[in-house]
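# Descriptive analysis of the structure
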Amino acid sequence: MVLGAILAVAAVLRAEGIGAHLSDAEGYSYLVGSAPSASAFLRRLAAYENTPPLFYLLLTALPLGHTAWLRVPAAVPGALIPVALYWALRRPLGVRAALLAAGLTAVAPFAVSYSDYSRGFMLEDLAWVVALGAMLRLAKGGASPRWWWLYAGAAVIALYSEYLSVIFLVALIIAVVAFGERSNGHRLRTGALGLLPLVALLPWLGQFERGQRAINHTKISPFFPGPSLSSLRDVTVRLVLGEHGAGSTPALRWLEFIAVLAILAAIATALRRGSKATTRIIAATAALVLIGHALAALTVTDIFNERYLTVLIPLGAALLAAAIAQADRRWLWRAAVALTAIAAVAVFVQRYGREYQPDLAPVRTWVSALHPRRVLTNSAVVAYYLRRLPVTVDRPFGLAPGQQRACPSRCVIVDDSRVPGGVRPGPGPARMIGPFSVRLELR
């Protein structure tokens, strides 16, 4: 009954914002997911995305006429992660700790908001929580081979959801080898079989290379601030408090960061007294994931951002619940349950009816009144909301000169001023509607 209530809360929180206006990146999910054929799917995936295909394949099976459908493959896994976490922790940590960890994950603000983001992060996280549950059983030795099959299947799903899943896979295997069953044979088998899912990426290498060739032609590589103390502060605070719960000033974020560090220190102190292999594996995995992303950002990806570290939310919830169970204080349990319930209400109130992206309905109305023969836009989100018109994504990210010179008469150009490259200049009457420039190209 309690687990059902947690699932219901998780579903309600994620359903609240599922129909909100799309962000620019979600527009590209629509472009790939709405491809009319397999060849067009692969072409668009290579041209516009830097991620594997699984999330977009799920989109191809859905009607995409409403923004909610674009987010279903993120919202459903996001709501199921608490249930999967309970399943993973119930035996090694006990029912109460597993339920508390599930509840904390269900109401985590950042996990809730990214469950309404049309990207593969929640699908990846669900797969890794399932893989973690299987590996915790395998870590003890003597487990049924079916757990290897479950681990392998979940790992492949994660790897085909986000390329950076490789970091979690390696981190998890290192942790299990270090803190699982100590026999040399078991360690060797865990290392070899644990890394085996990486082989599943080999058939995809050609498409991956095709996508790499498109960088700086039709897409750009994501770029975020590199790992530093200030970026670690911002990443940590947003993961714990959400994008809109983090302090608006550096001083406030430092205070929030110090508070989070104090909680982590208390967790470490509590778990050190009666540390189990399970908590050591989870803690080591979390630490290695963070270190791995920092090293990758320094050497390969230029990516050190909270959206790629969302798996730390269920791992952190598991460690906090284990620490409270270890302390075994009734008042602490009551406080944790009460704070979880308060967080659920706060997250719902904070999200209720909120819009963080501009409304394109006025743009659609204005453009439709011009009766265009063709519409060019630098924004995939504009392409989504104008999808019933003859719209083409042109000059994405400010790359290439654009097709406006070859545009027929009654060509309308709708450019988002926030996109790199901004609004393209040209003759003809123009109107700004929010951040969007609508211009009738004269011939």
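Description of the structure in this document. The structure displayed is predicted, hence computed values, not measured ones. (Residues numbered from 1 in each chain as written. Predicted model: local features only at pLDDT ≥ 70, side-chain atom pairs only at ≥ 80, totals over all residues. Heavy atoms only, no water.)

## Points about the pairing of strand β4 (residues 430-433)
Summarising the sheet, β4 and strand β5 (residues 436-441) pair through four bridges and their orientation is antiparallel. Along β5, the bridge assignment pairs Ala-430 with Arg-439. In sequence, β4 turns back onto β5 through a hairpin of two residues, with Gly-434 there showing a positive phi of about 65 degrees. (Pairing = 2+ DSSP bridges. Helix = DSSP H or I, 4+ residues; strand = E, 2+ residues; numbered from the N terminus.)

## Examining the packing of aromatic side chains
Applying the stated criterion across every chain, the model contains 17 aromatic pairs. On the numbers, 6.0 Å between centres and 35 degrees between planes, the contact of Trp-87 with Trp-147 is tilted. Here Trp-87 is found in helix α5 (residues 67-93), whereas its partner Trp-147 is found in helix α9 (residues 146-159), with 60 residues between them in sequence. Look at Trp-87 and you get partly exposed, because its relative accessible area is 26%. An aromatic cluster is present here, built from Phe-110, Tyr-114, Tyr-117, Phe-121 and Tyr-308 joined pairwise through their rings. Between the NZ or CZ atom of Arg-387 and the centre of the ring of Tyr-384, over which it lies, the distance is 4.3 Å. Looking at Arg-431, its charged tip hangs above the ring of Trp-366, at a distance of 4.2 Å from the centre. (Phe/Tyr/Trp six-rings, centres within 6.5 Å; stacked < 30°, edge-to-face > 60°. Buried < 20%, exposed > 50% of the residue type's maximum accessible area, 1.4 Å probe, protein only. Lys NZ or Arg CZ within 6 Å of the ring centre and 35° of its normal.)

## Overview of the pattern of salt bridges
With the rule as written, the count across this model stands at 11 salt bridges. Between Arg-424 and Asp-394 there is a salt bridge; the shortest N-O distance is 2.6 Å. Here Arg-424, found in the loop between β3 (411-416) and β4, pairs with Asp-394, found in the loop between β2 (391-393) and β3; they are 30 residues apart in sequence, far enough to count as distant. Just as Arg-424 is buried, Asp-394 falls in that class too. (Salt bridge = Lys/Arg side-chain N within 4 Å of Asp/Glu carboxyl O.)

## Describing unusual backbone geometry
The phi torsion of most residues other than glycine is negative, and most of the peptide bonds are trans. Look at His-371: it is not a glycine, yet its phi comes out positive at around 50 degrees. Relative to the elements of secondary structure, His-371 occurs in the loop between α18 (361-369) and β1 (374-377). What makes His-371 exposed here is its relative accessible area of 61%. The backbone phi angle of Arg-395 is positive, close to 60 degrees, even though this residue is not glycine. Note that Arg-395 resides in the loop between β2 and β3. You can call Arg-395 buried: its relative accessible area is 11%.

## As for the side chain of Glu-26
The residue Glu-26 is located in helix α2 (residues 24-33) in this model. Once you skip the residues sitting within four places of it in the chain, Glu-26 turns out to touch His-21, Arg-71, Asp-116, Tyr-117 and Ser-118. (Contact = heavy atoms within 4.5 Å.)

## Section: the packing of helix α6 (residues 95-107) against helix α17 (residues 330-351)
One way to put it is that α6 packs onto α17 with a least axis distance of 9 Å and a crossing angle of 25 degrees. The orientation of α6 relative to α17 falls into the category roughly parallel. Here the hand of the crossing between α6 and α17 comes out left-handed. Between α6 and α17, the contacting residues are Arg-96, Ala-97, Leu-100, Gly-103, Leu-104 and Val-107 on the first element and Trp-333, Ala-336, Thr-340, Ala-343, Ala-344 and Val-347 on the second. Considering only residue class, the contact of α6 with α17 consists of nine nonpolar, two polar and one charged. (Axes fitted to C-alpha atoms, helices over the stretch in contact; angles between N-to-C directions. Parallel < 35°, antiparallel > 145°, perpendicular 65-115°, else oblique. Left-handed = near helix turned anticlockwise from the far one by under 90°. Nonpolar A, V, L, I, M, F, W, Y, C, P; charged D, E, K, R; others polar.)

## Observations concerning the pairing of β3
Across the six residues of β3, six count as buried, placing the element largely inside the fold. Neither face of β3 is left uncovered, since the one carrying Cys-411, Ile-413 and Asp-415 and the one carrying Val-412, Val-414 and Asp-416 both have all their residues buried. Across four bridges, the pairing between β1 and β3 is parallel. In the strand pairing of β3, Thr-377 is matched with Val-414. Inspection of the sheet shows β3 paired to β5 by six bridges, in the antiparallel sense. Opposite Cys-411, over in β5, you have Glu-441 as the bridge partner.

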